[in-house]
Amino acid sequence: MTVPKLGDELQKPVAVTDDSNSADKPNLKGDWLNFFLLILLYTMQGIPLGIASAMPIILQSNKNVSYKDQALFSLVAWPFSLKLIWAPLVDALYVQKIGRRKSWLIPVQYLMGACFIYMAGNIDEWLPETRKPEILKLVSVFFFAKILAATQDIVVDGWALTMLKKNNVGYASTCNASGQVMGTMISSVFSVLLTSEDFSNKYLRSEPGVGGVFTMKCLFYVWGILFTLITTLIAIFKKEKDNRLEDDHVKLNIVQNYSLLWDILKLPNIQLLAISLLTAKIGFAATDSVSILKLIDAGVPKDNIMVIHTTMFVVKMILPLLVAKYTSGPKPMNIYLTATPFRLLWNISFLAFIYYTPRLITMNGFVNIPIYYYALLVFILSIHDILANIMTVSILAFFSRISDSRFGGTYMTLLNTLSNLGGAWSSSVAIGMIDFLTFKECSLDHKNNCSTPNLKNMCKTNGGDCIVIVNGYYVETAVCTIIGIIWFCVFRIILKKVQTKSPSHWLVNIKKPSS
């Protein structure tokens, strides 16, 4: 995002270029209400994301759910990768009297509230305790909820550009990271732990009872009512600045907005940035995507890992606030590039930890996990999450600083999509390559490589075991780390140069439509 504008002064393109660097230091005086409003909006965005992320865990506890069903439910994650399709519509269509961003925000959040209330009325039927859940209905409603959340993300990203003062634009990434994590944590914890009878009886009740302290039906009603009330207050009390007062304001039609995407991609700096974003996460792909799966394979209970991950939300929520002082400056990519080599080196800690996990948690052939093991796991995950979140906040701050605020929703969505795609494809390849890089053989027949289910069954039938000769996770972690080091060496200088470019290098040249 470029420079957000809040005051009465008109922002001319030339003026934007002049004071782009460190002339105006970030200062939230007079901007605190906008800061907290953005955190609230991003927190609301995190609510449906957290519930959707918790649903696979809830579904897995139902013995009637297959992995095919889980794969079908995973489709609900697609809208955030596809939102670029309708982002230009969000920028092009609005009612001026309501406000460019409020024209979308208010109906979208009302729809979200209505969606939650609709879920509350049907969740007991879709997610019964005994019979098979209605997977298709769950996928449909959560897919729709994710579309609404993705649309709200486009709107709030664009609004943040003009809601905050231009010298405070870097704080938009802080609001994004902290708010979204807060909403995700609250909704996922409530959905999984507070609806659990075992967890409630063990930690939340003085006497055992039936069911959790909350039901899913109750939670959905609460979210629906909260969304409706908060949206109403925003509609009444929050005024949006009339962007027509800006000298650089250009209103585009729908076709022009879609062509705008191509115009943005034609910018030389954007092309360099796109290449870096699409390859930036290769170095961390194996660690981020496969490590937890390997811990579960080794015998660490999924429930315990879930609880540990819940505590990690606190780190993700507080950290952006602590690093905001540094990421809100004129060169946030310096922070990103500083954290990158440390995160690459931290891959080695995951590799060593997973290698020794079977020895640490197994005694006399039985899994018996000591307390110090969990303490070590929390430490490793904490450092990983700290580094990952510092990099996330830094890159979001950079996006906020460079985006052309005239087309904020489309510009920010394009940059976020490139970043998300970089993580998505590298993660998918990392998971898919594990079996390809893993080599096994039967303990009783060295010619049997246990590469197919039939060969595995043949080995077991003869009384043997399939022994791992080469663990694909270790190979992949090493390869990813090497690629990550190469990426760092190549793009470190490029990104440092790119971030010093003046705002004029990121502006899109659009001719104003003749009246």
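The structure this text deals with has already been given above.
Small disclaimer: the values here were computed from a predicted structure and weren't measured. (Residues numbered from 1 in each chain as written. Predicted model: local features only at pLDDT ≥ 70, side-chain atom pairs only at ≥ 80, totals over all residues. Heavy atoms only, no water.)

Engineer: What is the right way to read the overall build of the protein from this model?
Structural biologist: Broken down by element type, the protein carries 19 helices and four strands. Within the span of the protein, comprising 515 residues, buried residues form 51% of the whole. Considering only intrachain contacts with a sequence separation of at least 6, the fraction spanning at least 24 residues in the protein is 83%. Surface exposure of the protein reaches about 24500 Å², of which carbon and sulfur atoms provide 66%. (Helix = DSSP H or I, 4+ residues; strand = E, 2+ residues; numbered from the N terminus. Buried < 20%, exposed > 50% of the residue type's maximum accessible area, 1.4 Å probe, protein only. Contact = heavy atoms within 4.5 Å. Areas by Shrake-Rupley, 256 points an atom, 1.4 Å probe, with all protein chains shown as cover.)

Engineer: Would you mind going over the state of the cysteines with me for this structure?
Structural biologist: Here, disulfide denotes a covalent bond that connects the sulfur atoms of two cysteines. All told, the structure shown has two disulfides when counted by the stated rule. Linked covalently through their sulfurs, Cys442 and Cys459 form a disulfide whose S-S length is 2.1 Å. Residues Cys442 and Cys459 are joined through a disulfide that is right-handed, its torsion about the S-S bond being 85°. Within this pair, whereas Cys442 is found in strand β3 (residues 439-442), its partner Cys459 is found in helix α18 (residues 453-461), the two being separated by 17 residues in sequence. Of the two residues, Cys442 and Cys459, both sit in the buried class. Each sulfur in the disulfide pair Cys450 and Cys466 lies 2.1 Å from the other. On the sign convention where negative is left-handed, the bridge of Cys450 and Cys466, at about -85° about the S-S bond, is left-handed. A residue pair is termed long-range when its members are at least 10 positions apart, and Cys450 in the loop between β3 and α18 and Cys466 in strand β4 (residues 466-470) qualify at 16 residues. Classification of Cys450 as buried rests on a relative accessible area of 3%. Regarding the disulfides, the protein carries the connectivity 1-3, 2-4 under sequence-order numbering of its bonded cysteines. (Disulfide = S-S within 2.5 Å.)

Engineer: How should I be thinking about a nonpolar patch on the surface in this particular structure?
Structural biologist: The grouping of Phe439, Ile467, Ile469, Val470, Val475, Val479 and Ile483 at the surface amounts to a nonpolar patch, some 540 Å² of accessible area in total. Among the elements of the structure, β4 and α19 (472-498) are those that each provide at least two residues to the nonpolar patch. (Patch = residues over 30% accessible without salt bridge, like charges linked within 9 Å, V, L, I, M, F, W, Y side chains within 5 Å. Salt bridge = Lys/Arg side-chain N within 4 Å of Asp/Glu carboxyl O.)

Engineer: Explain the nonpolar core to me, please; I cannot follow it from the model alone.
Structural biologist: Core analysis: the biggest nonpolar cluster contains 67 residues, and Met55, Phe73, Phe116, Met119, Leu138, Phe142 and Phe220 have the highest contact counts within it. Sorting the residues of this core by element identifies α2 (32-60), α5 (87-92), α6 (102-126), α7 (135-163), α8 (171-192), α10 (216-237) and α14 (302-327) as the ones contributing at least two each. Excluding anything up to four places from it in sequence, Phe116 contacts Ile47, Pro48, Ile51, Phe220, Trp223, Gly224 and Phe227. (Core = buried A, V, L, I, M, F, W, Y, C linked by side-chain atoms within 4.5 Å.)

Engineer: Honestly, helix α15 (residues 333-361) in this entry has me stumped. Any pointers?
Structural biologist: Three- or four-residue spacings in an α-helix give side chains the same orientation, since the helix completes a turn every 3.6 residues. Between its first and last C-alpha atoms α15 spans 40 Å; for 29 residues at 1.5 Å apiece the expected length is 42 Å, and the two agree. Considering bend angle alone, the principal kink of α15 is centred on Tyr355 and spans about 35°; proline Pro358 follows within four residues of it. (Expected span 1.5 Å × (residues − 1). Bend = angle between axes of the 7 residues up to and from the residue.)

Engineer: I keep staring at a negative patch on the surface and nothing clicks. Help me out?
Structural biologist: Taken together, Asp124, Glu129, Glu197 and Asp198 make up a surface patch of like negative charges. Turning to its location among the elements, Asp198 is positioned in helix α9 (residues 197-204). (Lys, Arg positive; Asp, Glu negative; His and termini not counted. Charge placed at Lys NZ, Arg CZ, Asp CG, Glu CD.)

Engineer: Whenever I open this one, the packing of α8 against α10 confuses me. Can you help?
Structural biologist: Geometrically, a packed helix pair is captured by the angle between its two axes and the distance between the axes. As a packed pair, α8 and α10 sit with axes 10 Å apart at the nearest point and diverge in direction by 155°. Relative to α10, α8 is oriented roughly antiparallel. The two elements α8 and α10 meet at a crossing, and its hand is right-handed. Of α10, the residues touching α8 (which contributes Ile186, Ser187, Phe190 and Ser191) are Met216, Leu219 and Trp223. Class assignment of the residues belonging to the contact of α8 with α10 gives a composition of five nonpolar, two polar and no charged. (Axes fitted to C-alpha atoms, helices over the stretch in contact; angles between N-to-C directions. Parallel < 35°, antiparallel > 145°, perpendicular 65-115°, else oblique. Left-handed = near helix turned anticlockwise from the far one by under 90°. Nonpolar A, V, L, I, M, F, W, Y, C, P; charged D, E, K, R; others polar.)

Engineer: Please explain α7 as it appears in this structure.
Structural biologist: Here α7 is 29 residues long and its end C-alpha atoms lie 40 Å apart, about the 42 Å a rise of 1.5 Å per residue gives. Burial analysis of α7 places 23 of its 29 residues in the buried class, the great majority of the element.

Engineer: Explain the environment of Phe220 to me, please; I cannot follow it from the model alone.
Structural biologist: Following the sequence through the fold, Phe220 ends up in helix α10. With near-sequence residues (within four places) excluded, Phe220 lies in contact with Ile51, Phe116, Ile117, Met119, Ala120, Ile123 and Phe142.

Engineer: Teacher, can you tell me more about the packing of aromatic side chains here?
Structural biologist: How two aromatic rings sit relative to each other is set out by the distance from centre to centre and by the angle between their planes. Tallied over the full model, the rule gives 17 aromatic pairs. With a centroid separation of 5.5 Å and an interplanar angle of 80°, the aromatic rings of Phe35 and Phe36 are classed as edge-to-face. Note on Phe35: relative accessible area 5%, which makes it buried. Seen in terms of ring centroids, Phe190 and Trp223 are 6.2 Å apart; in terms of plane orientation they differ by 35°. Their pairing is tilted. On the criterion of sequence distance, the pair formed by Phe190 in helix α8 and Trp223 in helix α10 is long-range, its members being 33 residues apart. On the accessibility criterion, Phe190 (29% relative accessible area) is partly exposed. Members of the aromatic cluster, each reached through a chain of ring pairs, are Trp32, Phe35, Phe36 and Tyr171. (Phe/Tyr/Trp six-rings, centres within 6.5 Å; stacked < 30°, edge-to-face > 60°.)

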